[in-house]
Amino acid sequence: MPAYTKVAAMQFAGGTMKTQDSNLLADVHAQFDRAAAYSDHPQGLLDQVKMCNVVHRMSFPVREDDGSIRVVEAYRAEHSFHRLPTKGGIRFSPEVTEDEVCALAGLMTYKCAIVEAPFGGAKGGICIDARKESEGFLERVTRRYVAELNRKNMIGPAVDVPAPDYGTGEREMAWIVDTYTALNPDQLNPFACVTGKPIALHGISGRTEATGRGVAIGIAEATASLEDMQSVGLTSGLDGKRVIVQGLGKVGFHAARLLEEEGARIVAIAEFDGGIASEEGLNVEEVHRHLLETGSIRGAPGTRDIGKPEVTLELDCDILVPAALENQITADNAPQIKAKIVAEAANGPVDSAGDAILRERGILVIPDLFLNAGGVTVSYFEWLKNIQHVSPERLTSRHQEVATTRVVKALEGATGAHLSDDDLIQAVRGPDEIDLVEAALADTIIDSYHSIHEIWKSRSMPDLRVAAYSLAIDRVAKSYSLMGIFP
Ligand code: NAD
């Protein structure tokens, strides 16, 4: 395959042009190649599984608040069509490049394969800094981006379905569905054109916290194995584990909150402008509230200021959860990382050189393409809800309640035991949407972990990442070979 060459990506931001080296694509390709070496698939097929199939680069004019015009640079990459639609988030970041979205789209393909979500991978990026723009400007950019995608048939329930990512959330997804609906008035399923929508706009309960919840479940499952924990010098279980989280955004906040709920101690958090710590454990909800109120985690009550965010990563802890951006652990700082486990909540937070150092040092890395797949898992449920036009519990919940009540009453009759009214209500209650989503998410993440763990151990692979890529490559390659290649 043509090797990745480092590019200087041209970016337009606020009228000034800047260049930036990107290596995430090189890293994803390098990790792919490590796993492909264990595969029996022919090289041509492996090449097809590896390469990003389509990337659309666009620049479009957007009106500033003062009436002037700014040209904005944006991308959408569709990595693989072995399953349709393609699926992947949209990020707002001044660092976005074509190679970055191709790399992230590839990770989405592999992620979907691991959790068996029936999508090809995609990713979108718009070169703006959401923190520095007005809401009006962000809305105009988002709507114009959707119009550009629509023009190329790169958005729609059956072709390509975006979701939130770095710098975007429910608000942007609502603008997307509104714009798409306006441009496609005869669509039967317009709400399935994007996931991560507000509940009131046919979103699904539990999507906002899904990625963070999946991260917490994945870490809990990894730490449950006494043998694996002993091999990194830890006891089994989450209880009392000392955790550092980088990035208190959508993923990091919920992961930290849920890890804390499960008994872990969050001893430090890093944000873009600095880090804070507390050996007794930070109160994640309180720190998050402080962040929302003041724009910074620094100065949150009862916390010690660490200064530069990167220093936080090197503090003593059991588990380090990078949940911000890629390339945070590299050859420069990997030797200083004290954690025994690095849990990749973000996409690509450890680069290839950093990964090799962590491996040599016996640090367990739980890889991104498994660990943060909770978001796309619940996006899959949202997409299903939207194309079925019914939420998952609506047709079954009452029936289940009636059926369980009959069983309980029969058992009461047979045994003479009797439940109080309150206990009966609790025992027979049919599921809400959130119950089904959380149960199915947990099931997916736990099953997927054991699938990659089994491959790791039974095939004596060097690490979980190679096992995760191997599982994904095998599933995608099998789809392509069963379909055949269109002449
Ligand atoms: P977000 O924008 O909600 O949060 C990111 C947070 O990281 C922000 O609070 C930001 O201030 C902080 N940050 C930025 N630079 C930092 C630095 N140098 N040090 C410390 N903190 C820093 O984004 P998100 O949706 O939480 O995404 C985070 C990562 O997770 C990204 O890599 C994304 O691709 C990945 N991811 C997100 C989802 C999802 O559902 N949102 C799903 C899978 C993967």
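Preceding block: the structure.
On a predicted model such as this, the values are computed, not experimentally measured, just so you know.

J.: Where do I start with the pattern of salt bridges in this structure?
T.: Between side chains of opposite charge, a pair can form as their charged atoms come close. A complete count under the given rule lists 39 salt bridges for this structure. E279 is the partner of R242 in a salt bridge, and the nearest nitrogen-oxygen pair spans 2.9 Å. Residue R242 is located in strand β8 (residues 242-246), and its partner E279 is located in the loop between β10 (274-277) and α9 (284-294); the two are separated by 37 residues in the primary sequence. We classify R242 as buried; its relative accessible area is 14%. The salt bridge partner of D474 is K478, with a shortest N-O separation of 2.9 Å. A residue pair is termed a helical-turn pair when its members lie 3 or 4 positions apart in one helix, as D474 and K478 do in helix α17 (residues 464-483) at 4 residues. According to the relative accessible area criterion, D474 is partly exposed, its value standing at 28%. On the accessibility criterion, K478 (44% relative accessible area) is partly exposed. Residues joined in a network through salt bridges with shared partners are R34, E344, D355, R359, D368, D463 and R465.

J.: Mind showing me how you'd approach the site of the ligand here?
T.: In the vicinity of the ligand lie 25 residues, with D165, T211, K250, E271 and N347 positioned nearest. The contact in question runs from an oxygen atom of the ligand to an N or O atom on the side chain of R207, over 3.4 Å. Note that a nitrogen atom of the ligand is positioned 3.3 Å from one of the backbone N or O atoms of F272. Listing elements by their share of the shell around the ligand, those giving two or more residues are α8 (250-261) and β9 (265-271). The class makeup of the residues in the shell around the ligand is 11 nonpolar, 8 polar and 6 charged. Split by domain, the residues of the shell around the ligand number at least three in each of domain 1 (52-201) and domain 2 (210-371).

J.: What should I look at first to understand the side chain of H288 in this one?
T.: Following the sequence through the fold, H288 ends up in helix α9. With residues near it in sequence (within four places) discarded, H288 still touches L248 and F253.

J.: Any chance you could explain helix α11 (residues 352-360) here in plain terms?
T.: Along an α-helix, residues three or four positions apart point the same way, because every turn accommodates 3.6 residues. Within the sequence span of α11, burial applies to S352, G354, D355, I357 and L358. Looking at the buried positions of α11, the neighbouring elements they touch are α1 (24-36), β13 (341-343), β14 (364-366) and α17. Downstream of α11 by one or two residues, G362 has phi in the positive range, about 75°.

J.: I'm lost on the packing of aromatic side chains in this one. Help?
T.: How two aromatic rings sit relative to each other is set out by the distance from centre to centre and by the angle between their planes. Under the definition given, this model contains 6 aromatic pairs. Judged by centre distance (5.8 Å) and plane angle (45°), the ring pair of F32 and Y110 falls under tilted. A residue pair is termed long-range when its members are at least 10 positions apart, and F32 in helix α1 and Y110 in helix α3 (residues 98-114) qualify at 78 residues. A relative accessible area of 1% places F32 in the buried class.

J.: Help me understand the side chain of S205, please; the structure alone is not making it clear to me.
T.: Along the chain, S205 falls in the loop between α5 (170-183) and α6 (210-223). Only 2.6 Å separates the side chain of S205 from the side chain of E433, close enough to count as a polar contact. Those residues in contact with S205 that lie beyond four places of it in its chain are I199, E433, I434 and V437.

About the thresholds
- Residues numbered from 1 in each chain as written.
- Predicted model: local features only at pLDDT ≥ 70, side-chain atom pairs only at ≥ 80, totals over all residues.
- Heavy atoms only, no water.
- Salt bridge = Lys/Arg side-chain N within 4 Å of Asp/Glu carboxyl O.
- Helix = DSSP H or I, 4+ residues; strand = E, 2+ residues; numbered from the N terminus.
- Buried < 20%, exposed > 50% of the residue type's maximum accessible area, 1.4 Å probe, protein only.
- Near = heavy atom within 4 Å.
- Polar contact = N/O pair within 3.5 Å; in protein donor to acceptor, adjacent residues only side chain to side chain.
- Nonpolar A, V, L, I, M, F, W, Y, C, P; charged D, E, K, R; others polar.
- Domains from an automatic or database assignment.
- Contact = heavy atoms within 4.5 Å.
- Phe/Tyr/Trp six-rings, centres within 6.5 Å; stacked < 30°, edge-to-face > 60°.

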